[in-house]
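# Observations on chain architecture
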Amino acid sequence: MKQENLLMVEHSRMESERLILRPVAFEDAEDMYEYTSDEETTRYLYDQHKDLNQTKSFIANYFIKEPIGKYAVLLKEENNKMIGAIEFRVHDYNKSGELGYTLNRHYWGKGYMTEAGKLILDLAFNILELERVFAECDVKNEASGKLLRRLGMTHEATLRKNHMIKGVLTDSEYYSMLKEEYINLQTGKDEASVIN
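Rules used throughout
- Residues numbered from 1 in each chain as written.
- Predicted model: local features only at pLDDT ≥ 70, side-chain atom pairs only at ≥ 80, totals over all residues.
- Heavy atoms only, no water.
- Salt bridge = Lys/Arg side-chain N within 4 Å of Asp/Glu carboxyl O.
- Helix = DSSP H or I, 4+ residues; strand = E, 2+ residues; numbered from the N terminus.
- Buried < 20%, exposed > 50% of the residue type's maximum accessible area, 1.4 Å probe, protein only.
- Contact = heavy atoms within 4.5 Å.
- Phe/Tyr/Trp six-rings, centres within 6.5 Å; stacked < 30°, edge-to-face > 60°.
- Lys NZ or Arg CZ within 6 Å of the ring centre and 35° of its normal.
- Core = buried A, V, L, I, M, F, W, Y, C linked by side-chain atoms within 4.5 Å.
- pLDDT = per-residue confidence, 0-100.
- Axes fitted to C-alpha atoms, helices over the stretch in contact; angles between N-to-C directions.
- Parallel < 35°, antiparallel > 145°, perpendicular 65-115°, else oblique.
- Nonpolar A, V, L, I, M, F, W, Y, C, P; charged D, E, K, R; others polar.
- Pairing = 2+ DSSP bridges.

Now for the pattern of salt bridges. The full count for this structure, using the stated rule, is 13 salt bridges. Close ionic contact of Asp31 with Lys81 constitutes a salt bridge, the shortest N to O distance being 3.3 Å. You can see Asp31 sitting in helix α2 (residues 29-36) and its partner Lys81 sitting in strand β4 (residues 81-91), a full 50 residues away along the chain. Under the relative-accessibility criterion, Lys81 is labelled buried at 14%. The closest approach of N and O atoms between Asp38 and Arg105, which form a salt bridge, is 2.8 Å. Of this pair, Asp38 sits in the loop between α2 and α3 (39-42) while Arg105 sits in the loop between β5 (96-103) and α5 (112-127); the two residues are 67 residues apart in sequence, bridging distant segments of the chain. A relative accessible area of 14% means that Asp38 is categorised as buried. Within this structure, Arg13, Glu15 and Lys76 form a network of salt bridges that share partners.

Right, here's the structure in full:
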């Protein structure tokens, strides 16, 4: 087993003030179907799910089959309701990690995915000791771009017609963060809190 996989299994459950991240489970099917069947939530990702069985198959064949780095995002204040998913794939050949996420649109604009993303960045840079984290989002998905910038990531490029979304080739915005940038961001926050 690769060292990264061992560390990710050891950190398969993480917690922040409002959220719990843990592996997706079969019991999440109804909560997941709530957003995978929603056209607005899935607009820039994949075809919306037509029924609960499709979501159950998705969980079994994608999340449970290979669970490492795939997390359910649970909201503590709503009895640990699953409100989305966040994924982190490690590319050990260049010490980088790829971030992806989906959030139920009824929970947009509340900072939940920013909070979940910070847990992943901590995992990436402090636990896994990676050198770089990157993410892509559809060029039309302005909210996703704002999220990545809020996390401190830098826009590097626009990749033209590099993703097939619902049968259409789309352009993507490519963002990244380097380990030293993450450390500087954390140090800056620590210094700011001491001054205040």
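Next comes the rest of the description.
A word on the side chain of Asn104. Relative to the helices and strands, Asn104 resides in the loop between β5 and α5. The class for Asn104 is buried, based on a relative accessible area of 1%. Ignoring sequence-local partners within four residues, the contact set of Asn104 consists of Glu34, Tyr35, Thr41 and Ile83.

Before going further, it helps to examine the packing of aromatic side chains. Under the counting rule described, the total for this entry stands at seven aromatic pairs. Ring centres of Phe58 and Tyr62 lie 5.6 Å apart, and the angle between their planes is 10 degrees; on these two criteria the pair is classed as stacked. Taken together, the residues Phe58 and Tyr62, both in helix α4 (residues 52-64) and four residues apart, mark about one turn of the helix. Its relative accessible area of 24% is what places Phe58 among the partly exposed residues. One aromatic cluster is present, formed by Tyr46, Phe58, Tyr62 and Phe63 through successive ring pairs. Between the NZ or CZ atom of Lys70 and the centre of the ring of Tyr62, over which it lies, the distance is 3.7 Å.

Here we take up the nonpolar core. In terms of nonpolar packing, the biggest core is built from 36 residues, with Leu21, Ile86 and Leu99 touching the most fellow members. Considering every element that reaches this core, the biggest residue donor is α5, with nine residues. Setting aside its immediate chain neighbours within four residues, Leu21 contacts Ser12, Arg13, Met14, Tyr71, Ala72, Val73, Ile86, Ala116, Leu119 and Ile120. Core analysis: the next-biggest nonpolar cluster, separate from the first, contains 11 residues, Ile20, Ile59, Ala72 and Leu74 among them.

For the rest of this paragraph, the subject is the confidence of the model for the chain. On average, the chain scores 91 in pLDDT, and the residues at 70 or more come to 95%. Here residues 190-196 is a poorly scored stretch, pLDDT under 50, and it has zero contacts once near neighbours within four places are set aside; other chains count.

Attention now moves to the packing of α2 against α4. At a closest axis distance of 9 Å, the pairing of α2 and α4 adopts a crossing angle of 110 degrees. If you check the angle between α2 and α4, you find them roughly perpendicular. Here Ala29, Glu30, Met32, Tyr33 and Thr36 of α2 lie close against α4, whose contacting residues are Leu52, Thr55, Lys56, Phe58, Ile59 and Phe63. Taken together, the residues of the contact of α2 with α4 sort by class into seven nonpolar, two polar and two charged.

Right, let's talk about the sheet that holds β5 for a bit. Within the open sheet, the eight strands sit side by side as β1-β2-β3-β4-β5-β6-β8-β7. Their pairing is mixed. The strands lining the two open edges of the sheet, one partner per strand, are β1 (14-15) and β7 (154-165). Sitting on the sheet, α2 is in contact with β4 and β5, with an inclination near 85 degrees to β4. The strands that α5 touches are β1, β2 (19-23), β3 (70-75), β4, β5, β6 (132-138) and β8 (168-178); relative to β4, the one it contacts most, it runs at about 30 degrees.

Another point: unusual backbone geometry. The phi dihedral of Lys161 falls on the positive side, at around 45 degrees, and the residue is not glycine. Along the chain, Lys161 turns up in strand β7. Assessed through its relative accessible area of 58%, Lys161 is described here as exposed. Phi is positive for Lys166, which is not a glycine, with a value near 55 degrees. Note that Lys166 resides in the loop between β7 and β8.

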